[in-house]
Amino acid sequence: MSDFLKIEQDGPVVTLTLNAPERRNAISGFEDCDEVEAACKRIARDDAIRCVVVTGADPAFCAGGDLKGMRDRKGIMAADSPAVMRENYRRGIQRIPLALWELDVPTIAAVNGAAIGAGLDLACMCDMRIASDKAIFAESFVRVGIVPGDGGAWLLPRAVGLAMAAEMSFTGDPLNAEQALAARLVSRVVPHGELLGAARELAARVAKNPPQVLRMTKRLLREGQHMSLPSLLELSAAFQAIAHETEDHKEAVNAMIEKRQGVFYGR
């Protein structure tokens, strides 16, 4: 493991910080992808974790791919044929959206600065997004003569709608934080110095709920994006049958009746 990803845990909340500010947290090597994938797998195995915050070391969230690596054909971009480049994408950057997609723990992107190209797509891989007033967003692949290779063409339209995603993808033009809020790319904008606190406060509000139900609810939201309604209802009924038999469900009902905060253990 390199030092690309900083992992901090505070009770049920984990903060993942892209920690390469000297390259604006660009994703440049297979090792970077290894770290993100490994962190997601570790979180998935830990039932005590109930929410994840993803952010970047200032001044950027993630500048996307490494432009110098593209120019010099180094790191993930080291390829001498289209076939090798295709495999590099599949073995590299594309593992990150798959790892985050399969993570049942709710995730929050705390976008502290530039989220460019793959950096914007990384934010879209998270379930919720909060922006610093210094944040900048751009689906800028077209500006460097390539297509979104990390799932952005699937992720961005689901965040902002097809027309806005098309405008962002075809022009590569950036959005500032307020424009991103208007486009519903983020749910709120906060002063830069308050960003991480706001993200962790939201994470704490998520994490106080029953952890098994959180994970099943996220799975329903994910599957609902491509399943038919009858199929989703079947899956919902199965998950609901499981939820009704948990101790956390009984505690939640009693806490509601008794007008107190429930205490949940994931059982």
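The rules behind each value
- Residues numbered from 1 in each chain as written.
- Predicted model: local features only at pLDDT ≥ 70, side-chain atom pairs only at ≥ 80, totals over all residues.
- Heavy atoms only, no water.
- Helix = DSSP H or I, 4+ residues; strand = E, 2+ residues; numbered from the N terminus.
- Rg over C-alpha atoms; globule rule 2.2 N^0.38 Å.
- Buried < 20%, exposed > 50% of the residue type's maximum accessible area, 1.4 Å probe, protein only.
- Contact = heavy atoms within 4.5 Å.
- Areas by Shrake-Rupley, 256 points an atom, 1.4 Å probe, with all protein chains shown as cover.
- Lys, Arg positive; Asp, Glu negative; His and termini not counted.
- Charge placed at Lys NZ, Arg CZ, Asp CG, Glu CD.
- Pairing = 2+ DSSP bridges.
- Axes fitted to C-alpha atoms, helices over the stretch in contact; angles between N-to-C directions.
- 1 Å grid on protein atoms, 1.4 Å probe; cavity = no way out; pocket = protein on both sides within 12 Å on 5 of 7 lines; lining within 4 Å.
- Points joined across faces, edges and corners; volume = space filled by probe spheres on them.
- Nonpolar A, V, L, I, M, F, W, Y, C, P; charged D, E, K, R; others polar.

Considering the overall build of the chain
Helix and strand counts for the chain stand at twelve helices and ten strands. Relative to a compact globule of 267 residues, whose C-alpha radius of gyration would be 18 Å, the chain shows 19 Å and is just as compact. Structurally, the chain occupies a C-alpha span of about 65 × 40 × 40 Å along its principal axes. Classification of the 267 residues of the chain by burial places 46% in the buried group. The contacts in the chain between residues at least 6 apart in sequence include a share of 68% that link residues at least 24 apart. For the chain, the accessible surface area stands at approximately 13400 Å², while carbon and sulfur atoms represent 57% of it. Treating the 32 positive side-chain charges of the chain as one cloud and the 35 negative ones as another, the clouds have centres 0 Å apart.

With respect to the sheet that holds strand β5 (residues 107–111)
On the basis of which strands lie adjacent, the open sheet formed by six strands has the order β1-β2-β3-β5-β7-β10 and mixed pairing. Among the strands making up the open sheet, the edge pair consists of β1 (5–10) and β10 (188–190). The mean inter-strand angle of the sheet, taken between neighbouring strand axes irrespective of direction, is 20°. For β5 and strand β7 (residues 128–132), the ladder comprises four bridges, and the chain directions are parallel.

Points about the sheet that holds strand β6 (residues 114–116)
Across the sheet, four strands lie side by side as β4-β6-β8-β9; this open sheet has mixed pairing. With partners counted over all chains shown, the strands left at the sheet margins are β4 (60–62) and β9 (175–176), one partner each. Pairing analysis gives two bridges linking strand β8 (residues 136–138) to β9, with the strands arranged antiparallel. From the neighbouring strand, Phe-137 faces β9, where its bridge partner is Leu-175.

Digging into empty space enclosed by the protein
If you walk through the whole model with that rule in mind, you get one cavity of 30 Å³ or more. Size it by volume and the largest cavity reaches roughly 80 Å³. Looking at the lining of the largest cavity, the elements that each hand over two or more residues are β2 (13–18) and α4 (95–102). Split into classes, the residues belonging to the lining of the largest cavity amount to nine nonpolar, no polar and no charged.

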